[in-house]
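As a plain string of letters, each chain reads:
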Amino acid sequence: MKNFGNTFFELTTTGYFNHTVNPVSVDKKGNFSSNIYIDGIQDIYLYLNNDAIPFFAVPGDTIEVSWDQQHFKNTFKINSPSAERAQDLAIVMAIYNNRRQPFLDLYKKLNESKELADSSKYRLINDSYNAELNIIFSVPHTPYSSTKIFYDAYFKHAELLRSHKNLLSVYKLKSDDRYSIPEYAKFDHTFLAEDIFMQSDSYRRFLFDYIRFYKPFKSSRALKGNSVPFNPTKSDYLSGQAFLTVIPIRDWFSAKTIMSGFEHYDFKDVKAVYDDYLVQGSTPAYLDTIKAFYSKISKLAPGQPAPAFTLKDPEGKSVLLSDFKGKLVYIDFWGVYCGPCIGDIRDSGGKVHEKYKDKDVAFLNICVDEEGSIWTNKIKELKLEGVNLVAKGWVNNQVCKDYGINGIPHYVLIDKNGKIVNNNAPGLYQLAADGVNALDKALESEESK
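What this report covers is the structure whose coordinates are included nearby. Note that the structure is a prediction, hence the values are computed from the model and not measured. (Residues numbered from 1 in each chain as written. Predicted model: local features only at pLDDT ≥ 70, side-chain atom pairs only at ≥ 80, totals over all residues. Heavy atoms only, no water.)

Our focus in this paragraph is helix α16 (residues 438-447). Burial in α16 covers these residues: L439, D440, A442, L443 and E446. Projected down its long axis, α16 shows its buried positions confined to an angular sector of 165°, all on one face. Exposed side of α16, more than 90 degrees from the buried face: K441 and E444 are the residues found there. On its buried face, α16 is in contact with β9 (328-334), α12 (339-355), β10 (361-367), β12 (410-414) and α15 (428-432). The distance from a side-chain oxygen at the start of α16 to the backbone nitrogen of L439 is 2.9 Å, and the residue carrying that oxygen is N437. (Buried < 20%, exposed > 50% of the residue type's maximum accessible area, 1.4 Å probe, protein only. Helix = DSSP H or I, 4+ residues; strand = E, 2+ residues; numbered from the N terminus. Arc of directions from axis to C-beta. Contact = heavy atoms within 4.5 Å. Polar contact = N/O pair within 3.5 Å; in protein donor to acceptor, adjacent residues only side chain to side chain.)

Pasting the structure below:
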C-alpha cells in the first residue's frame, strides 16, 4: 500500500456467535501479511478509509489487497491467485461499489417514509434484490456465486421485508424472468437448510431475528394466576425448539439466544434457560461455546465483585473504580458514533442527573470508540455530566472484555461495596421515567442497611 500513515488496520471475521477483530500490522514500507483463522466460509470486513469493505474467505484462501490511501477509491484492489476466487471477489466488490449506497438509501427511505404503502415498499425492496442479482449473474457462475453470494443477497433483502411491518408474511421476493433457474425461482425463506446456514452470515442473522420476532400470538390474556412470568430469553428459546427442526441449527439458535439473554436480561432468568440447554443440547461445538461463555459471564452475576479498572479522564488523570467505593456506581458504556447512545444521552441524560443530583450515586460515562479531541468535543456538545472516561478499542479493550461489552449502549450498576448489582442495568431513559427502577431499589436497599 501507499501513503497509509498508520501502523495497522483492522479486519473483522464473522463467526457463528460473535465477530472477531484482527489487527494487521503495516511496516514503514506499507507491506503487511497476516494469517487469519476462519471456521469454514466466513464473511470478512476490512476497516479502511472510514468504511467496512465486505468480502468472504474460505479455508486455505490467499487474499491479496492493495491501495493508495490518497486515491483510495480508484486504487483499492482485492484479488486471489485462484481464478475462481478472484471472480468471486470481483462479484462481491461489484455489489459493494454499485449497490451499497443504493441499499443504504433504500434502508433510510423505508424507515423515514411513513406514508409509503406496503406494496410500494415491497416493490422497492424487490427491485433492489433484482439489481443485485443482475450483478451476480452477469458473469459466468462460480461455485460460490450460485450459492453463497446468491443466499447473501436473498436474505439481506428478506430481512428488509421482515423488519418492515413483517411484509414477509404477505410478499415474497421474486427474481426477474432472466433468472429462470428453477432453484432460484422456487427459493424462499421458509426453506430451512443447514448448507445455507453454514455458508451465509446473512441467513444466520435472518434466522435469529425471524424466529425471535415471528410470534403466532401477538398478545395474550389469562385469568389471574394463570399467566407465565415474563422471561424473553425463555420465550425465544422455546420458539427455536418449536420451529427449528434441523438439530445443529436449533442448538446454535438456543446457544446464541442464551448468550444474548445474559447480555440483556435478568441473570437468574437466563440461567434457568442455560441449565435446560445443557440437558437438551446435543451439538458439542455449541455446548462448548456456551459453557465457555458462561464461565466468563458468571463473573458478572449479581453479587460478584465488579472488575477493577483504571481509565483516563479528559485531563489525562487516572481514575480507578475503587475511587468510588462507598457510593453506588452507574456506568454508561457509550460511543461517539453510536446513534442510540447519543439519543439516550440527549433525551434523558440531563433529566437523570437532575433527578439523582442529591443521591449517593456516581455516574461514569465510558467512551469505547474514540479518544482525544473527537471524544472531548462530543462530551462538550452533549453537556455530558458525571465522570467521563475513555476505553478506546471497545472489544479489544480490557475493560470492555471484563464487562462483556459486545454492544452499546450498555449500562452497569455497582453497589457501595464494589459488587455487581446488575450488569444489564436500565438505560438513561428508564431512569428518567416515572416509577421505581433498579437504581431506586438499590438506593433504597443501601439506605435501609
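A separate point is the state of the cysteines. Summed over all chains, the structure comprises 1 disulfide. With no disulfide of its own, C367 lies 8.8 Å from the sulfur of C341, the closest cysteine sulfur. A residue is classified by how much of its surface remains accessible, and C367, at 0% relative accessible area, is buried. A disulfide-free cysteine, C400 has its sulfur positioned 9.6 Å from the sulfur of C367, the nearest such atom. (Disulfide = S-S within 2.5 Å.)

Below, the discussion takes up the environment of G393. Secondary-structure assignment places G393 in the loop between β11 (387-390) and α14 (398-402). Taking the relative accessible area as the measure of exposure, G393 reaches 31% and is therefore partly exposed. Spatially, the C-alpha atom of G393 lies 9.5 Å from that of C367, the residues being 26 residues apart in sequence.

Right, let's talk about the environment of V395 for a bit. Summarising the element assignment, V395 is placed in the loop between β11 and α14. Distance in space between the C-alpha atoms of V395 and T20 is 8.6 Å, their sequence separation being 375 residues. If near-sequence neighbours (up to four positions away) are discounted, V395 is found in contact with V21, K401, I405 and N406.

Within the fold, N126 resides in helix α3 (residues 118-136). Beyond its immediate sequence surroundings of up to four residues, N126 is in contact with K172, L173 and K174.

With that settled, consider the pairing of strand β1 (residues 8-13). When β1 meets strand β2 (residues 20-25), the two strands line up antiparallel, connected through 6 bridges. Within β2, the residue paired with T12 across the bridge is V21. Counting the residues in the hairpin turn of β1 and β2 gives 6 residues. Bridge count between β1 and strand β3 (residues 42-48): 4 bridges; the pairing is antiparallel. Bridge assignment links E10 to a residue of β3, and that residue is Y47. (Pairing = 2+ DSSP bridges.)

Spatially, 4 strands are ordered β2-β1-β3-β4 in an open sheet, and the strand pairing comes out antiparallel. In this open sheet, the two strands that pair with only one neighbour each are β2 and β4 (51-57). Neighbour-to-neighbour, the strand axes of this sheet turn through a mean angle of 30°, independent of strand direction. Sheet topology places β3 next to β4; 7 bridges connect them, and they run antiparallel. Across the sheet, the residue bridging to Q42 is A57, located in β4. (Axes fitted to C-alpha atoms, helices over the stretch in contact; angles between N-to-C directions.)

Applying the stated criterion to the full structure yields 16 salt bridges. A salt bridge links R100 to D51, with the nearest nitrogen and oxygen atoms 2.8 Å apart. Separated by 49 residues along the polypeptide, R100 in helix α2 (residues 83-112) and D51 in strand β4 bring together distant segments of the chain. For R100, a relative accessible area of 32% puts it in the partly exposed group. For E381, the salt bridge is made with R346, and the minimal N-O distance between the two is 2.4 Å. Remark: R346 occurs in helix α12 and E381 occurs in helix α13 (residues 372-382); sequence separation between them is 35 residues. A relative accessible area of 47% means that E381 is categorised as partly exposed. Within the structure, one salt-bridge network assembled from shared partners comprises D43, K148 and D152. (Salt bridge = Lys/Arg side-chain N within 4 Å of Asp/Glu carboxyl O.)

Quick look at the packing of helix α8 (residues 232-243) against helix α10 (residues 267-280) now. The description of two packed helices rests on the angle between their axes and on the distance between the axes. Running from amino to carboxyl end, α8 crosses α10 at an angle of 25°, the nearest separation of the two axes being 8 Å. With respect to α10, the element α8 is oriented roughly parallel. For the pair α8 and α10, the crossing hand works out as left-handed. Counted together, T233, K234 and Y237 of α8 and V270, V273, D276, Y277 and Q280 of α10 form the full contact between these two elements. For the contact of α8 with α10, the per-class residue count stands at 4 nonpolar, 2 polar and 2 charged. (Parallel < 35°, antiparallel > 145°, perpendicular 65-115°, else oblique. Left-handed = near helix turned anticlockwise from the far one by under 90°. Nonpolar A, V, L, I, M, F, W, Y, C, P; charged D, E, K, R; others polar.)

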